[in-house]
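Architecture at a glance
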Amino acid sequence: KDPFNTDECESLLRYLGCAAYPTAAFNRLYFNDDEGLAPGIAYQQAASAAKELLQVLQNYSAPSFASVDIEHQLDGNTLSLKVSGKGGDVARKVLEGYSLTVYVLEDSLKYRQLNNGKWINNYIHRHVFRKAATALNGDALNWISDSEYSNELTVELSEEWVKENLSVVAFISK
């Protein structure tokens, strides 16, 4: 059993429509009038994934209406986060219905990896999903003015995680 795969991770993969490893999903907006989320992207070769991602990014763009700033404090295994940002005078109106999503990742995890039918021992897994600090599909933005939001979150970390290898990813999406 994959020691990095949790029920929460499985729920996230199902939500994003990802069915293979390695995998990625981004933006979570509808593309080409599809009826669902942007599908997950999975490749066995990193070069293929990079090429596909570059093509998507060149063909699709959306403006950013607010910044995303992360402040953190670690007390034992409790991670306190303040995720805030500012936008123009109409940011709150433009981002109505959008959510803030925050994930905790861990880097440099060693475990075996199946690549092209062969097991690689002590493979270094990068930026592994560990826990969501919000609902998997995000929490409501806490607007403190028409141009500024601030959300405070608390995450209990596993004692097994190497805290120096943890990172926090936060993004606004619909």
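For the rest of this paragraph, the subject is the overall build of the protein chain. From N to C terminus, the protein chain includes 3 helices and 11 strands. Its helices and strands in sequence order give the protein chain the pattern α-β-β-α-β-β-α-β-β-β-β-β-β-β, from N to C terminus. With 174 residues in all, the protein chain has 30% of them scored as buried. Accessible area of the protein chain: about 11,300 Å², with a carbon and sulfur share of 48%.

The predicted model of the protein chain has a mean per-residue pLDDT of 85, with 79% of residues at 70 or higher. Under a pLDDT of 50 for its full length, residues 30-34 has, in the predicted model, 5 contacts with residues more than four places off or in other chains.

The next point concerns the packing of aromatic side chains. A full pass over the atoms with the stated rule returns 4 aromatic pairs. Centre to centre, the rings of Phe4 and Tyr111 are 5.8 Å apart; their planes meet at 75°, and the pair counts as edge-to-face. Pair noted here: Phe4 is in the segment before helix 1 (7-16) and Tyr111 is in strand 6 (residues 109-115), with a separation of 107 residues, a long-range link. What makes Phe4 buried here is its relative accessible area of 12%. Judged by relative accessible area, which is 27%, Tyr111 ranks as partly exposed. Geometrically, the ring pair formed by Tyr103 and Phe129 is edge-to-face, given 5.3 Å between the ring centres and 85° between the ring planes. On the criterion of sequence distance, the pair formed by Tyr103 in strand 5 (residues 99-106) and Phe129 in strand 8 (residues 128-132) is long-range, its members being 26 residues apart. Of the two residues, Tyr103 and Phe129, both sit in the buried class. Across the ring face of Trp119, the terminal group of Arg112 is positioned such that the distance to the ring centre comes to 3.9 Å.

One non-glycine residue with positive phi stands out, namely Ser108, at about 65°. On the secondary structure map, Ser108 appears in the loop between strand 5 and strand 6. In this structure, Asn116 takes a positive phi of about 50° despite not being glycine. Considering the arrangement of structural elements, one finds Asn116 in the loop between strand 6 and strand 7 (118-125).

What follows concerns the environment of Leu95. With respect to the helices, strands and loops of the structure, Leu95 is situated in the loop between helix 3 (91-94) and strand 5. Through-space distance from the C-alpha of Leu95 to that of Lys174 is 8.6 Å; in sequence the pair is 79 residues apart. Excluding residues that lie within four positions of it along the chain, Leu95 makes contacts with Phe65, Ala66, Leu141, Trp143 and Ile172.

Another aspect to go through is the sheet that holds strand 3 (residues 69-75). Judged by pairing direction, the sheet is antiparallel, and its 3 strands sit side by side in the order 3-4-10 without closing on themselves. One side of each edge strand has no neighbouring strand; the edge strands of this open sheet are strand 3 and strand 10 (148-156). Strand-to-strand twist of the sheet, defined as the mean angle between neighbouring strand axes without regard to direction, takes the value 15°. The sheet contact formed by strand 3 and strand 4 (residues 78-86) spans 7 bridges and is antiparallel. Following the sheet pairing, His72 is matched in strand 4 by Leu81.

About the cut-offs
Residues numbered from 1 in each chain as written. Predicted model: local features only at pLDDT ≥ 70, side-chain atom pairs only at ≥ 80, totals over all residues. Heavy atoms only, no water. Helix = DSSP H or I, 4+ residues; strand = E, 2+ residues; numbered from the N terminus. Buried < 20%, exposed > 50% of the residue type's maximum accessible area, 1.4 Å probe, protein only. Areas by Shrake-Rupley, 256 points an atom, 1.4 Å probe, with all protein chains shown as cover. pLDDT = per-residue confidence, 0-100. Contact = heavy atoms within 4.5 Å. Phe/Tyr/Trp six-rings, centres within 6.5 Å; stacked < 30°, edge-to-face > 60°. Lys NZ or Arg CZ within 6 Å of the ring centre and 35° of its normal. Pairing = 2+ DSSP bridges. Axes fitted to C-alpha atoms, helices over the stretch in contact; angles between N-to-C directions.

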